[in-house]
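Now for the letters of each chain:
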Amino acid sequence: MATTATAPQKKIVGGNFLIEETNPRDVFTPEDFNEQHQLIEQTAEEFSQQEILPNADRIEHKDFAFSRELLKKAADLGLTSVDIPEEYGGAEMDKVSSAIIADHIAKQGSFAVTFSAHVGIGTLPIVWFGTDAQKKKYLPLLASGEWVGAYALSESSSGSDAMNARAKAVLSPDGKHYVLNGEKMWITNAGFADLFVIFAKVDGEKFTAFLVERTFPGFSVGAEEHKLGIRGSSTCPLILNDCQVPVENVLGEIGKGATIAFNILNVGRFKLGAAAVGGARTCLANSIKWAKERKAFGKPIADFGMVREMLADIAIGIYAGESLVYRTVGMMDAATADIEKGSPDESKLIRKAIEEYAVECSIIKVWASEMFDKVVDNQVQIYGGYGFVEEYPAERAYRDSRVNRIFEGTNEINRLIITGWLLKRAMSGQLPLLPAIKKLMDEVMAGPSFAEEDERKLATQRKALENAKKIGLMVSGAASQKYMQQIADHQEVMGAIADIVIEVYAMDSVLARTLKLIESQGEAASATAVAITDVYFSEATSRVEAAAKKILADVAEGDMLRTQMTILRRLTKAEPVNVIAAREKVAARVLDAGKYAF
Amino acid sequence: MKILVCMKQVPQKDAPLKLNESATWVREDVGYEINEPDAYALEAALQLKEKNGGEVVAISAGPARAQTVLREALAKGADRAIHLEDDKFVTLDAFNIARAMAAAIKDEAFDLVLTGLQSDDYGYAQTGVLLAELLGWAHATIIMQVEAKDGGIRVKRELESGYFQHVEMPLPAVLTIQSGIGKLRYATLIGIKQAKNKPLRKVSYDEVAASLRPNQLTIEKLYVPKKTKQTEVIQGTPSEVAKKLVAKLRDELRVI
C-alpha cells in the first residue's frame, strides 16, 4: 500500500545509524514508492510471473538459449538497463528502481543469478570505469540484451583474497595488445556470455581489469560445474592461453583494478539483498498455499500454531529485509539527487556516493542471505516430506539459496569489512565513533539516570534500540582497547562486533519503517507492523546480548569483566514480549491475504 | 484514428474482499488494478494505433487512486489521459458514469470508443452500450478483433457455442472488448519514464454534474453467500435407488 509521500532528501553519512538516533522521516521505505516505482514493480513482477516462472524447468535444464532469449525479452522492457545512462541505450533510473527490479525478478534462483550477473558485475564496471569509446561500443549491446556480460575475478587458488590472483598480463612487443595467461574459476554466465571483465596482474604485479570478448584469440571456456544449487545458471572456468586483448580494452587504470572490484561489489551486495527478499516472498506465497491445502489430523496444517510461527517468521524476514534494502537505496538516491545527468563525471560521482554506504551494503548482503537461508529452511519444514523431493518448489529453493552466503564476498569477509570499515572511519575521525564511546562510558560510570519517561510511540523499542547501539559502542571500545592495531587478527571478535552492528542497522530500519507507518496510517492499520517489530526486536536484542557477552569474555577479565557485565545487564534489561501472540497476528494476516501483504 | 479507451480501477482479483460497514460495497483497504477487459481494450487500441496511426486517450472515473490506472495506460503507450476525479464517481450507476464520460469528451471528436466488455467488480456490462446510446453512435459488444476497413471497421464478435459473427461498421462507434483476446503488453521502463510527462486532464465532479440524473440502480445490501451442505441418503433396493436417483437428477437437478 504505497503512498505518494515525497522521498527523504537528507544526505546521510554512511555508518551514522550506529551513533545517532534515526529520524524516521529521513528513512525511505517501500511505502514511499512513487507511481514510477509502482509501475516498474508491476512490470518486473508480471514479467517474472508470466515469462520466468512457467519456464522454470527449462531454465533448470540448462537451456541456455532460452535463458538468453528471456534476458533479451527483459532487456526489451528496459529491465536490464536501469543503471545504464540514456546516452548509451539505457533506461537510467534511480537505485530504488534498480532494487525493485532485482527484488521482483528473483522468482527463480538460477535466472535471478544469470540476470543479476549480467546487469550488475557484467555491465556496471563499464558504466563506472569505461572510457567513452568503451561505453559506446559495449553498453548499447549489453543494455539491449544482444550481448551477455560476465565478470571474472576468482581463481582456483584465490577467492576472498582476490588480489592474490595469478592471471598475468604482459604488453606485446608492438604495444598493441596485452597478452593474458592464467585461469579464472566459478564464472557466472561463462557458458554463453559475450563479454568478460577479467582481472589480471600486469607484469605479475599491477592488478588490472580488462574487457575481453569471447572471440578474442587465446580465450576459452571450460566445462560447466555441477553445482549444489542454481543449476540452471552457467558457471564455468575460463582459460587464458596467450589471450590477446587490445590495449584500448584496459578498463580503468593499470594497477587500479582493486578499485573496480570493490566498488562493483557494493552494488552486487545490495542487489543480492533485494533478490533474497524477492525469493523469500515467493517462498511465503508457496508456503501459505501449501499450508492451506495440506491436511493433517483432519484440518489444514495452516491451523497449527507451530506452522503459523514459521509462516510469521518468513513474513517478518521479508518486512525487515525490505526495510533494510529500500532504506539503503533511498539513501543512495538522496545522495546522488544533485548529480547532473549527462555530466562527464556523472558515473564517477554516483559510484562515489554509493561507496559511502559500503558498510550498509555489506550488512544487507550478510543479513539478507542469512534471512533467506532460514526462510527456505522453514519452507522445507512446512512442506514436510514433500519439501524433500524435487517435484515441489521447496527443495530447489533450499539448494538455490545457499550460494548467497558465498558469492559477492563470503559472509565472513563481509563481517570483517563491516567492523574494519567502521573502526577505520572511527580512527580517521570521519565517523565520530570514539567521542560516542567516550560519552557512553562517562554516562555508564555516572550510574543509572532517572530521565523522564519517553511518551512517544514504541518507546520500549526505541529504548531497546538505543541500548543496542550503546552495546555496540561499548564492546567496540573494549575490543579496540584490548587489541589496539591487532584487532583485525582477532576475527572472531571482529565477526561478533559485526553481528551487533548488523542487528542495530536491521532494528533501526525496522523501527523507522514502522514508526513511519504509524504516522501515515494510524496505529490500528499498523498493528501487524508493530507485531513484526515486537518479534524482531525481541530476537535481535537476544542476539546482540549474546554477541556482546562473547566479546566481553574475550577482551576483559576479573573486575573489569564484572563491571562490563553489569553495564550489559543494565542495557539489556527488558520485560519479555509475548512473541507467541505477536507471531500469531502476523500469521493471521498473511494467511488471510494468501501472500506477503503490507 | 482517434480512440478513447474507458478504463476502470477494480479490486485485485486475488484480494480477500471484506464488506464495508453498511454492507453496500467492499472495504477500501484492498489492492486495486485495471479491470482486466479494459486492459484488453487498451491493448486493442494501441494495436490499432500502431497499424493506422492516430491517438489513444485513456479515460477513467474514480477517486485519486484511479490515476494509477491512467498512468499505467500512459506507460503502455496511450498518448494522454482524462481523469474524472472525485470519490463521488464511485457511487454512480453505469448510466451516470456513461453520462459523465460523454460530458467529459463533448468537445473531442473521437472515431472510436473502446471499453472492456464488463467490469470485474459490478459486472453490469452496461457502460459502453449506454455511452454509445448517449453519443448516438453505432456499437457492438463482445469484440475479439478490430481492423480498419474502408473508412469504417470490421469486427469479430463472440457468440455462444463457439460461433462468431463478423460485422462491418461505420465510424464513429463504441465497442466493448472481450477479455483474453491476445497477449497484453508490459509497460517498458522507457514508457514508464515518458508517462510522467504525458498530459493528464482532470475533470471535476462539478464540471459534469449537470449531465447527471438520479441513479436508477442502487445497491441495498451485499452479502457473502452461505455455504450449505445437505446430504440425502437414498434407500431401498438397488433398482429402487437407481430409479429415485434418475428422477432426482432429471427433475430436481435437471442435469440429465
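Residues numbered from 1 in each chain as written. Chains lettered and ligands numbered in written order. Predicted model: local features only at pLDDT ≥ 70, side-chain atom pairs only at ≥ 80, totals over all residues. Heavy atoms only, no water.

Structural notes on the overall build of chain B
Here comes step 1: Helix and strand counts for chain B stand at seven helices and 11 strands.
Here comes step 2: Principal-axis analysis of the C-alpha atoms gives chain B an extent of 75 × 50 × 40 Å.
Here comes step 3: With 256 residues in all, chain B has 42% of them scored as buried.
Here comes step 4: A separation threshold of at least 6 residues defines the contact pool for chain B, and within that pool the share at least 24 residues apart is 69%. (Helix = DSSP H or I, 4+ residues; strand = E, 2+ residues; numbered from the N terminus. Buried < 20%, exposed > 50% of the residue type's maximum accessible area, 1.4 Å probe, protein only. Contact = heavy atoms within 4.5 Å.)

Thoughts on the pattern of salt bridges
All names here are of chain A.
Here comes step 1: Applying the stated rule across the entire model yields 68 salt bridges over all chains.
Here comes step 2: For Glu21, the salt bridge is made with Arg462, and the minimal N-O distance between the two is 3.8 Å. Taken as a pair, Glu21 in the segment before α1 (35-52) and Arg462 in helix α15 (residues 459-483) lie far apart in primary sequence, 441 residues in all.
Here comes step 3: With a shortest N-O distance of 3.3 Å, Arg583 and Glu539 are connected by a salt bridge. Separated by 44 residues along the polypeptide, Arg583 in helix α19 (residues 579-593) and Glu539 in helix α17 (residues 527-555) bring together distant segments of the chain.
Here comes step 4: Since its relative accessible area comes to 7%, Arg583 is described here as buried. (Salt bridge = Lys/Arg side-chain N within 4 Å of Asp/Glu carboxyl O.)

Some details on helix α8 (residues 257-293) of chain A
In an α-helix, one full turn covers 3.6 residues, which means residues spaced three or four apart are oriented alike.
Here comes step 1: For α8 of chain A, with 37 residues, the first-to-last C-alpha span of 53 Å sits near the 54 Å given by 1.5 Å per residue.
Here comes step 2: The buried fraction of α8 of chain A is high, at 28 of 37 residues. (Expected span 1.5 Å × (residues − 1).)

Remarks on the packing of α8 of chain A against helix α11 (residues 358-383) of chain A
Angle between the axes and distance between the axes: these two values describe a pair of packed helices.
Residues and elements named next belong to chain A.
Here comes step 1: Two elements in contact, α8 and α11, have axes whose closest approach is 8 Å; the angle formed by their N-to-C orientations is 20°. Classed by the angle they form, the pair α8 and α11 counts as roughly parallel. The element α8 and its partner α11 pack so that their crossing is left-handed.
Here comes step 2: By residue class, the composition of the contact of α8 with α11 is 18 nonpolar, eight polar and two charged. (Axes fitted to C-alpha atoms, helices over the stretch in contact; angles between N-to-C directions. Parallel < 35°, antiparallel > 145°, perpendicular 65-115°, else oblique. Left-handed = near helix turned anticlockwise from the far one by under 90°. Nonpolar A, V, L, I, M, F, W, Y, C, P; charged D, E, K, R; others polar.)

Things to note about the interface of chain A and chain B
Here comes step 1: On the chain B side, the residues contacting the 25 residues of chain A number 18 residues.
Here comes step 2: Of all residues in chain A, the largest losses of buried area upon contact with chain B belong to Glu35, Leu39 and Leu77 of chain A, amounting jointly to 30% of the total for that side.
Here comes step 3: In this assembly, chain A and chain B are joined by five salt bridges.
Here comes step 4: Note that Lys595 of chain A and Asp14 of chain B form a salt bridge whose closest N and O atoms lie 3.6 Å from each other.
Here comes step 5: Across the chain A-chain B interface, the total number found is 12 residue pairs in polar contact (both at pLDDT 80 or more).
Here comes step 6: Residue assignment for the side of chain A that touches chain B shows that the elements contributing at least two residues are α1 and α19 of chain A.
Here comes step 7: In terms of residues, the side of chain A that touches chain B owes the most to one element, α1 of chain A, which gives 11 residues.
Here comes step 8: In the side of chain A that touches chain B, the residues fall into 10 nonpolar, seven polar and eight charged. (Buried area = accessible area lost by both parts, 1.4 Å probe. Polar contact = N/O pair within 3.5 Å; in protein donor to acceptor, adjacent residues only side chain to side chain.)

Quick notes on unusual backbone geometry
The bulk of non-glycine residues show a negative phi, and the bulk of peptide bonds are trans.
Here comes step 1: Between Leu171 of chain B and Pro172 of chain B the backbone carries a cis peptide bond, its omega angle lying at 0°.
Here comes step 2: Inspection of the secondary structure assignment puts Pro172 of chain B in the loop between β9 (164-169) and β10 (173-177).
Here comes step 3: One non-glycine residue, Asp242 of chain A, lies in positive phi territory at about 50°.
Here comes step 4: Relative to the helices and strands, Asp242 of chain A is located in strand β7 (residues 235-246).
Here comes step 5: A residue is classified by how much of its surface remains accessible, and Asp242 of chain A, at 44% relative accessible area, is partly exposed.
Here comes step 6: One non-glycine residue with positive phi stands out, namely Ala23 of chain B, at about 55°.

Things to note about the pairing of β10 of chain B
All names here are of chain B.
Here comes step 1: Across the five residues of β10, five count as buried, placing the element largely inside the fold.
Here comes step 2: By the alternation rule, side chains of β10 split into Ala173, Leu175 and Ile177 and Val174 and Thr176, which are all buried.
Here comes step 3: Bridge count between strand β6 (residues 112-116) and β10: five bridges; the pairing is parallel. Bridging across to β10, Leu112 finds its partner in Ala173.
Here comes step 4: Bridge analysis of strand β7 (residues 138-149) against β10 gives four bridges, and the strand direction is parallel. Within β10, the residue paired with Ala140 across the bridge is Leu175. (Pairing = 2+ DSSP bridges.)

Concerning the nonpolar core
Here comes step 1: Ranked by internal contacts, the top residues of the largest apolar core, which has 236 residues, are Leu79, Leu180 and Phe210 of chain A together with Leu175 of chain B.
Here comes step 2: Here Leu79 of chain A is in contact with Thr43, Ala44, Phe47, Ala74, Ile101, Ile105 and Phe115 of chain A together with Leu189 of chain B, once residues within four sequence places are set aside. (Core = buried A, V, L, I, M, F, W, Y, C linked by side-chain atoms within 4.5 Å.)

Digging into the side chain of Asn189 of chain A
Here comes step 1: In this fold, Asn189 of chain A is placed in the loop between β3 (177-188) and β4 (195-202).
Here comes step 2: Aside from chain neighbours lying at most four places away, what touches Asn189 of chain A is Thr114, Ala117, His118, Val148, Gly149, Ala150 and Ser234 of chain A.

Some thoughts on a nonpolar patch on the surface
Here comes step 1: On the surface, Val246, Leu253, Val255 and Ile256 of chain B cluster together into a nonpolar patch covering about 390 Å² of accessible area.
Here comes step 2: Along the polypeptide, Val255 of chain B turns up in the segment after α7 (238-252). (Patch = residues over 30% accessible without salt bridge, like charges linked within 9 Å, V, L, I, M, F, W, Y side chains within 5 Å. Areas by Shrake-Rupley, 256 points an atom, 1.4 Å probe, with all protein chains shown as cover.)

Here's the deal with the environment of Leu71 of chain A
Residues and elements named next belong to chain A.
Here comes step 1: Tracing the backbone shows Leu71 in helix α3 (residues 64-76).
Here comes step 2: Along the chain, Leu71 and Val148 lie 77 residues apart, while their C-alpha atoms are 8.4 Å from each other.
Here comes step 3: Not counting residues up to four positions away in its chain, the partners in contact with Leu71 are Thr80, Phe111, Thr114, Phe115, His118 and Val148.

A few points about the environment of Ser347 of chain A
Residue and element names in this part refer to chain A.
Here comes step 1: When you line up the elements, Ser347 lands in helix α10 (residues 346-355).
Here comes step 2: Under the relative-accessibility criterion, Ser347 is labelled buried at 10%.
Here comes step 3: For the pair Ser347 and Phe129, spaced 218 residues apart in sequence, the C-alpha to C-alpha distance is 7.9 Å.
Here comes step 4: Discounting chain neighbours no more than four positions away, the residues touching Ser347 are Val127, Trp128 and Lys135.
Here comes step 5: Only 3.1 Å separates the side chain of Ser347 from the backbone oxygen of Val127, close enough to count as a polar contact.

A few points about the pairing of strand β5 (residues 80-85) of chain B
All names here are of chain B.
Here comes step 1: Extensive coverage of β5 is indicated by the burial of five of its six residues.
Here comes step 2: Here strand β4 (residues 55-62) runs beside β5; their pairing, made up of six bridges, is parallel. Across the sheet, the residue bridging to Ala61 is Leu84, located in β5.
Here comes step 3: Running through helix α2 (residues 67-76), the crossover from β4 to the neighbouring parallel element β5 is right-handed.
Here comes step 4: In this structure, β5 lies alongside strand β11 (residues 200-203), joined through four bridges in parallel fashion. Within β11, the position partnered with Ile82 by the bridge is Arg201. (Right-handed = clockwise from strand over helix to strand, strands pointing away.)

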